[in-house]
Amino acid sequence: MARPKADFPAPADIRALADGEGRLALRVTPGASRDGLAIEDGRLRARVSVAPEGGKANKAVIRLVGKALGVAPSTITLLRGDTSREKLLQIPD
């Protein structure tokens, strides 16, 4: 059975949440039933199906945000929140 496609807000809406230096704060829920991004209460929320073991959830979040923005995941950097649900990403212009 195929996995359901992830849900994404519009790239412009995601970019509007970043500060002037391209830093994007988000809250992550690992171990979710499916992957997706949503804007809730003016904030980006990521849900990934992988468990937070060995950085797998962080990599999944970066891949998800990259896919939603239409950029390569290698251009996104995790600035803060390696072991926290609260993350800060540096996204390209």
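Residues numbered from 1 in each chain as written. Predicted model: local features only at pLDDT ≥ 70, side-chain atom pairs only at ≥ 80, totals over all residues. Heavy atoms only, no water.

J.: What exactly am I supposed to notice about helix 2 (residues 56–69) here?
T.: Quick reminder: α-helices carry 3.6 residues per turn. Residues three or four places apart thus point the same way. Between its first and last C-alpha, helix 2 extends 20 Å over 14 residues, near the 20 Å set by a 1.5 Å rise per residue. With 10 of 14 residues buried, helix 2 is to be regarded as a mostly interior element. Buried-residue contacts for helix 2 involve helix 1 (11–15), strand 1 (23–29), strand 2 (36–40), strand 3 (43–47), strand 4 (77–80) and strand 5 (86–90). One or two residues past the end of helix 2 sits Gly 70, with phi positive at roughly 75 degrees. (Helix = DSSP H or I, 4+ residues; strand = E, 2+ residues; numbered from the N terminus. Expected span 1.5 Å × (residues − 1). Buried < 20%, exposed > 50% of the residue type's maximum accessible area, 1.4 Å probe, protein only. Contact = heavy atoms within 4.5 Å.)

J.: Looking at this structure, how should I read the pattern of salt bridges?
T.: Two side chains with opposite charge may pair up if their charged atoms get near one another. Counted according to the given criterion, the structure contains 5 salt bridges. Close ionic contact of Arg 23 with Asp 19 constitutes a salt bridge, the shortest N to O distance being 2.7 Å. With a shortest N-O distance of 2.1 Å, Arg 43 and Glu 86 are connected by a salt bridge. Of this pair, Arg 43 sits in strand 3 while Glu 86 sits in strand 5, placing them 43 residues apart in sequence. A residue is classified by how much of its surface remains accessible, and Arg 43, at 34% relative accessible area, is partly exposed. (Salt bridge = Lys/Arg side-chain N within 4 Å of Asp/Glu carboxyl O.)

Bear in mind that shape data such as this cannot, by itself, settle questions of function.
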